[in-house]
Amino acid sequence: MDGLAYFRETAAAYFSNISFNWKEIRVRGLRSSSAEFGRQCGPCAGGFHYRDSALLSSTTCRNRVILWRYYDLRLELLEVSLDTSLAYNALRLDMSDAGPLVPEVCIQELGQNHVAVMFATATTVHRLVLPHPEAVLKDPAMLSVGEGVQPSILAFASWEGGVAEPSMVAIFPSTVLPIPVTSCGAWAPEARPTTFALASPQGAIYVVQLPWNNAPPIRFELRETSFAKKIWSYVPSIRSTGFVEECPVSVTVHSFAGETVVMVLCRDLKLRLWSCQQKECLMVHNIMEHVSMATEEKLSDKEVNCLVLKKAPGGIATSLRFGIHLLTTSRSQILMLQLLLVQNKLILNHLAEFSGPANYTLVDFQPTNCEVWSVWTESTGAADNLVLHAVYEGDHSCSWQRVPLLPDPSPDVLVPPYKELMEAYLDEIFKPGEGFTALAIFKALELMGGPLPKGTQSWDDLKREAILRIQEEVVRSATSNELRSDEYRNLQLTCWDKFYSHCLQYHKEITRPLGVFQDPFTGTVCLIKKDCFSFAVAEDSIGSLIAVWKDMAPLSELVQDEDLANDLSLFLECVRLLGQELDASTLDSFLEDLNQPTAEAGVLAKELTEAATSGKIQSSDVFLLTLKDKLHHVSDLEAVLEYLSKALDVTCNEREATSDEAPPGPGVQLAVSQLLGGLSATLILTSCLVETSHSRLLLCRDILILLSFIVHQKMVLCANLQEYVSSRKANVSTFTDLVHNYHTLHWMLTRGVIQAPNSAFEFSLKQLASLEISGVPISYHRLSASSSSMLGELYLMTEGGTELRTSLLKQRLFSPDTSLHPSWLRTLPLMLSLALRQLWPSSSSVKMCEFMLSNCQYLHMQEYCTRLEHTHAASHPTSRMFLLGQCLVSTGELSKAFSCFIRASVCLTEPFLQSIIGGTGGAGEEEEAMRMGGAAEEEARDDPLMLYYVKVMKLFEQVSAPDMVIKVAMEAAKLGDRDCPSTAVVWSTLFKYHLELGQYSAAYEAMVNNPDPSRRKDCLQRFVVVLTEQKALKELCQFPYAGLEDEVERVMENRARSVDLAKHNYYDLLYCFYTSRGNYRKAASVMYEHGVRLGREVPRPTSLQKQANCLVIAMAALSLTDKRYAWIVRPAKLDQQGQGGRDQPESSETHPKRRREEKRSKQPVEVLTLADLEKEYLLVKAKLNILQREPSMSTQLCSPFVSAGEVVSLLVQAGFFDMAIQVSQGFKLPLTHVFEALTARCVYLSHSIATFRKGNSDATTWDWLGLNNTSDITYARETTLADQAWALLKKYLEIHDPHHNYQLQKCVAKKLLLLGHPLVAQGDSDNALITALPQWLVDNYKRTNPAELLRLFITFDLLEPATAVAMEYIDAVLVDGRAAFFGVKHTLHAINPPVWLPHNTFDVLLQALQDSQSRSPTLYGAFESKLKDYFEKVETVSETMRMPSSHGLVRSESGHEPAMDYI
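Report follows, based on the coordinates. The structure presented is a predicted model; accordingly, all values stated were derived computationally and were not measured.

What to know about the environment of Tyr-1302
- Of note, Tyr-1302 is situated in the loop between helix H47 (1281-1296) and helix H48 (1304-1315).
- For Tyr-1302, a relative accessible area of 35% corresponds to the partly exposed category.
- Along the backbone, Tyr-1302 and Thr-1344 are 42 residues apart, and their C-alpha atoms lie at a distance of 7.5 Å.
- If we skip the residues at most four places from it in the chain, Tyr-1302 touches Asp-1297 and Thr-1344.

So this is what it looks like as structure tokens:
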């Protein structure tokens, strides 16, 4: 920007902001009455800047100021940093006890360690020492105060050790220092006492010095050195009335040439310099010498109303610039002077002179070394304020430049027909960035209905309270309980208008300026008002052009080409004329109509021109002639329009860094990354963007209307008509696009931030994470006043600000070898230009859409994208369409989102969509597909459109919209590229959501069409699981599974073997699947496996019943199989664990099928036939029978490790002898245990019957008989239960003993003998045989093995039965009639074969009888006699057999006598 800089006010921040946590300190002093205080000091304000505020490397002091304001006996200090946020940066000093403040608060740095705040009251002077920001940064304890945020130095202010410390305050009574004090100045050298200079209206200048070593303060008065003046100065009565013309009016203190100098401006218009060390006056100078000659006149002290002296900051030891404000009855004037020390001589030079505006009173002014800023207010009392700025250099000075201030809200509220009355007023009052302040609304609400409830601070609380109080006001104002609709509306309008007027009045009052402050190093200008502070920023080239155009000044300073400047002036004058001719409402309606989504700026301009020319303008011939005359004087209209279009188009003339430019160093990059990153700087940038976009929008609108008017009036301004027509169309189109862009930009920047819950932010995070978009930051930053924050402000506070500073760094403004910070006048306009490029709607960036999406500003984003659709120059339409679809997904408008995604799929070449497609990790998908498909030699290439559809499907999956996912997947499936790796993803997704919706046929089709075997396998497994859980077995079994049958079987088997049988049962599904396909052998196998697993994994009684059912089903299925294949296999290790109850499994050599199966299998297996299953079933059935009788034995019986022998034992114990025998025979177990137990039962039952007869028996002792089959036993007489038990035992022996070589009767006999079975008499005579065994057992024993019976009796010492059996046995051999009873086939006869007798046993018996003759004396003799008879018979037969054969004798077949001994 060439020439003079133009400024405008922007970005108001309020002291009453709830984010400022004010720290309050009560300043105490010498109590005095209000009369002693004298004239109350009015509100005033100022500021302070650090010495290193312009150093790029100073991250602590850069762009950091302290603002202060004083009103109502309160001094408030606020530290503001444009680069960062500060914690505890607000300090309020209550001075109600110390008295009013003497105007001017001095703040000064004391090296790199402290900052001193110096001020005075009527009775005290104070020095508040705070730590320097550099000292805070170096002290970890101080940094911790901010709790993660850099603390302000004001956070360390305190009454103890600060304001009240003896070395920091000096209190003096009125006898020492007459009051009131009218002016004060202070200076704090680093190593010397702090000096306060106080001016009294009596003409005295008092100096108070505060040492640093806790020494008492030093007080003295500066007096004239003449003897007469000294004498009169000691006389109070004369002192109070004399020397009024030398009365000091304004005083300041500065260090000049190594001495502390007090500069005093007196009522006699003379400037006096006093040395505090020498205590004498160094110079007296008449300031009237510097007043211009044209206005010079003799002034008396009575004509001077105000004199103000202010020094310019940044002075050196030999040079100091300062300004003097001179207010007389006729004029107001500001003089800029310079004090120089040349050769030990003080010289005062005149620099510049500025006259104040008429009818305005100076509020404050701030001189610097080259500028003057001043604030004025209207003298008549109207709330009209004025800020003027002037630049002076040497002897040359320019005139004032008016700085446009922030406009007040409109005094009238326009209520559109489509809005409710309350909505229109609320929108206007609470408009973000442009509405009223919170304090103004707060005061207006109190005026309407009294004090507000405690805690009413937030924006939403104020809005709620406003609605409530207006409703109450309407009720109070109503004259009747019944009102017509128009009466009620008028009453509402009155109440709302009253409230709005209150807000407007308070707003004007609290925005009244109190002071101005400028940092001379950075150029930062701050206007301090009653409740807010704002900044004055420099205009860019277009802003300066608009400012000059509005002031009707020549454009030669802005445009170097003189001809172009003249043409531009004429053209802009035509724009002004047309704007003046048209009504303001007409021009405002143009912007209102442009808010419609389908509105076209060119069409609206044409309609507006036609409507205007048919009315007022048609009759204004003077206007038309003037306009034509000025346009015809434009020599090159095309050049003017081209200049304006390029200047207004922010995308033109972008500066790119060249390759030969050195990149900035790391230190510069770090410093720039924090530049202007604070809340205040963000507010400035946002406000500048809003005002810039609005002013440019108005200019583009007026130019477009003028061009349309030229077309409508058919003003041919070119010699070539065809050239004119073509250029006219191009120009109209260019400015139409500019209007749309600036209108959209202004709309976007001024939208209020919509508050979203944390869940919405989390959903947005998941949504963007599903896209795997790199470089899209997710922002959770929420401004403190978020309800009233603008969207543009939030954007610049987050990722927008980061990108803006990155772009600023690329401009190469910051040299690596320098640390000087560019001027505020240069950096801020450049950042503003970069921000405009960054946010330009038709630019190549979609960052704003991404930002709104990530921050849940869904409604704003939808309208933003809708506006961009009608901008012809808008680029990247498909990217915005994709983001709009994502936004609609978040708001639940899924059908609209699907349409947007389909529209966005037309063109995927835009960078944003390319980044989305490239971030899918497609390479990993391809590698997986190649690995699974075995295509490692030829790399598959993915289709971008397919990848795009995959991303869209993920978005819909985030919101659980299966119908939308299916629609997107169907669109992707239409591509039909089976070689694309993402095709498998599409078919898998299609399968997944068809299955979720219960569309099994469609899910099956999607599964079989999936080209990826691994995914098809996963889908098949999921298909089986879901249909099984939904009990859809019929549907599951009816699908053909062409080519997938083996896989289906494997999936089902794996699933069945992997799940918990207690919760899921997939074996029934497998059984149904196999039986439906006629595979009964596999059906039997799975049911058998189910039963085995039930026994092992679910040891419960119910599982035992299920196991029995499984075995029954398995046997039934196996019986339907061809006998050649009626077998199944199981792992042999099951037998090793005792599974199935097989104690000793059969060898596989016994069955040829087993041998073949083991050869084919790597793992040892066992082949099971139908007989094996029947045995398994028999064992399970036995367990169930036991459980039915003995439920307490469930734990033992349900154990998977119980053997068949253990089950037999339990069966015997429970009384199931029939089943015990079956199990024993089935598993080839010995029956001895069963018969022994049954024998014991019979004996016990016999005893129980005897007991029962005595009345002491329990029925449970014989109920086991009913568990066995006794129906086929016949009885010859009436029997007892014991008889039935013995009959059952007899039956078992008759059936099973012949198959066991009659060993069972031996075990029965032994058991009876061991149990001591009662002796039973055999026979009726007195000599009857007494035996320990039942007669039927003895008879059976005699017939089958009498020798063994004889040995049993001998073993158990039953000599009498043994003797009887032996003798009967001998008789049976000797006598033919008795042989059948002992199973003897032939008796002892010469013609019969030889017979055998157990002679050894007889010998043992004989010896036993001999030994026990005392017990049975007759038995021995009888048995011995019987043996003699037998031996005699044997000898006789033997002799007979020795006879010759002719005698007819027959020898034995062996040729010798049979052996008679017993082994």
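What to know about the packing of helix H25 (residues 858-868) against helix H26 (residues 877-891)
- In contact at an axis separation of 10 Å, H25 and H26 are set at 150° when each is read in the N-to-C sense. Relative to H26, H25 is oriented roughly antiparallel. Between H25 and H26 lies a crossing whose hand is left-handed. Within the contact between the two elements, H25 uses Tyr-858, Met-861, Gln-862, Cys-865 and Leu-868 and H26 uses Arg-880, Leu-883, Leu-884, Cys-887, Leu-888, Ser-890 and Thr-891.
- Among the residues making up the contact of H25 with H26, the classes are represented as eight nonpolar, three polar and one charged.

As for the sheet that holds strand S28 (residues 513-518)
- Ordered in space as S1-S30-S29-S28, the four strands form an open sheet in which the pairing is antiparallel. The sheet terminates laterally at strand S1 (7-14) and S28, the two strands that pair on one side only. Across this sheet, the average inter-strand angle for adjacent strands is 25°, counted without regard to direction.
- Bridge analysis of S1 against strand S30 (residues 532-538) gives six bridges, and the strand direction is antiparallel. Bridged to Tyr-14 within S30 is Cys-532.
- Against the sheet, helix H18 (residues 679-712) touches S1 and S30, its axis set at about 130° to S1.

Observations regarding the pattern of salt bridges
- Enumeration over the complete set of coordinates arrives at 40 salt bridges.
- When the shortest N-O distance is used, the salt bridge between Arg-1093 and Glu-1097 registers 2.7 Å. Of this pair, Arg-1093 and Glu-1097 are both found in helix H38 (residues 1080-1097), four residues apart, which corresponds to roughly one turn of the helix.
- According to the relative accessible area criterion, Arg-1093 is buried, its value standing at 9%.

Describing the environment of Tyr-1088
- Mapped onto the elements, Tyr-1088 comes out in helix H38.
- Of the residues examined, Tyr-1088 reaches a relative accessible area of 3% and is grouped as buried.
- Residues Tyr-1088 and Cys-1110 lie 22 residues apart in sequence; the distance between their C-alpha atoms is 6.1 Å.
- Setting aside anything within four residues of it in sequence, one finds Tyr-1088 in contact with Leu-1111, Ala-1114, Ile-1128, Arg-1130, Leu-1168, Leu-1173 and Glu-1176.

Some details on the sheet that holds strand S12 (residues 194-199)
- Taken together, four strands build an open sheet; the order of strands is S11-S12-S13-S14 and the sheet is antiparallel. Pairing within the sheet leaves two strands with one partner each, and these edge strands are strand S11 (183-187) and strand S14 (218-222). Sheet twist, expressed as the average angle between the axes of neighbouring strands with direction ignored, equals 20°.

Brief notes about the packing of helix H51 (residues 1359-1374) against helix H52 (residues 1399-1411)
- Running from amino to carboxyl end, H51 crosses H52 at an angle of 135°, the nearest separation of the two axes being 11 Å. One way to sum up the angle between H51 and H52 is to call them oblique. As H51 runs across H52, the sense of the crossing is left-handed. Residues Leu-1359, Ala-1362, Thr-1363, Ala-1366, Tyr-1369 and Ile-1370 of H51 touch H52, and the partners they reach there are Phe-1402, Leu-1405, Ala-1408 and Leu-1409.
- Its residues assigned to classes, the contact of H51 with H52 comprises nine nonpolar, one polar and no charged.

A few points about helix H33 (residues 1000-1008)
- Every buried residue of H33 is accounted for by Tyr-1000, Ala-1003, Tyr-1004, Ala-1006 and Met-1007. Down the axis of H33, the buried set is contained in an arc of 165°. They therefore lie on one face.
- Tucked inside the fold, the buried residues of H33 contact helix H32 (981-996) and helix H34 (1013-1029).

Concerning the packing of aromatic side chains
- The full count for this structure, using the stated rule, is 28 aromatic pairs.
- Taking 5.8 Å as the distance between ring centres and 65° as the angle between the ring planes, the aromatic pair formed by Phe-1073 and Tyr-1074 counts as edge-to-face. Like Tyr-1074, Phe-1073 is buried.
- Taken together, the aromatic side chains of Phe-991, Tyr-1004, Phe-1023, Phe-1039, Tyr-1041, Phe-1073 and Tyr-1074 make up a single cluster linked through ring pairs.
- The lysine or arginine in question, Arg-127, covers the ring of Trp-212, its NZ or CZ lying 3.7 Å from the ring centre.
- The residue whose ring lies beneath Lys-967 is Phe-898, and the NZ or CZ to ring-centre distance is 4.4 Å.

Describing a negative patch on the surface
- Taken together, the side chains of Asp-588, Glu-592, Asp-593, Glu-607 and Glu-610 define an acidic patch exposed on the protein surface.
- In terms of residues, the negative patch owes the most to one element, helix H13 (residues 584-594), which gives three residues.
- Relative to the assigned elements, Asp-593 resides in helix H13.

Rules of the game
- Residues numbered from 1 in each chain as written.
- Predicted model: local features only at pLDDT ≥ 70, side-chain atom pairs only at ≥ 80, totals over all residues.
- Heavy atoms only, no water.
- Helix = DSSP H or I, 4+ residues; strand = E, 2+ residues; numbered from the N terminus.
- Buried < 20%, exposed > 50% of the residue type's maximum accessible area, 1.4 Å probe, protein only.
- Contact = heavy atoms within 4.5 Å.
- Axes fitted to C-alpha atoms, helices over the stretch in contact; angles between N-to-C directions.
- Parallel < 35°, antiparallel > 145°, perpendicular 65-115°, else oblique.
- Left-handed = near helix turned anticlockwise from the far one by under 90°.
- Nonpolar A, V, L, I, M, F, W, Y, C, P; charged D, E, K, R; others polar.
- Pairing = 2+ DSSP bridges.
- Salt bridge = Lys/Arg side-chain N within 4 Å of Asp/Glu carboxyl O.
- Arc of directions from axis to C-beta.
- Phe/Tyr/Trp six-rings, centres within 6.5 Å; stacked < 30°, edge-to-face > 60°.
- Lys NZ or Arg CZ within 6 Å of the ring centre and 35° of its normal.
- Patch = residues over 30% accessible without salt bridge, like charges linked within 9 Å, V, L, I, M, F, W, Y side chains within 5 Å.
- Areas by Shrake-Rupley, 256 points an atom, 1.4 Å probe, with all protein chains shown as cover.
- Lys, Arg positive; Asp, Glu negative; His and termini not counted.
- Charge placed at Lys NZ, Arg CZ, Asp CG, Glu CD.

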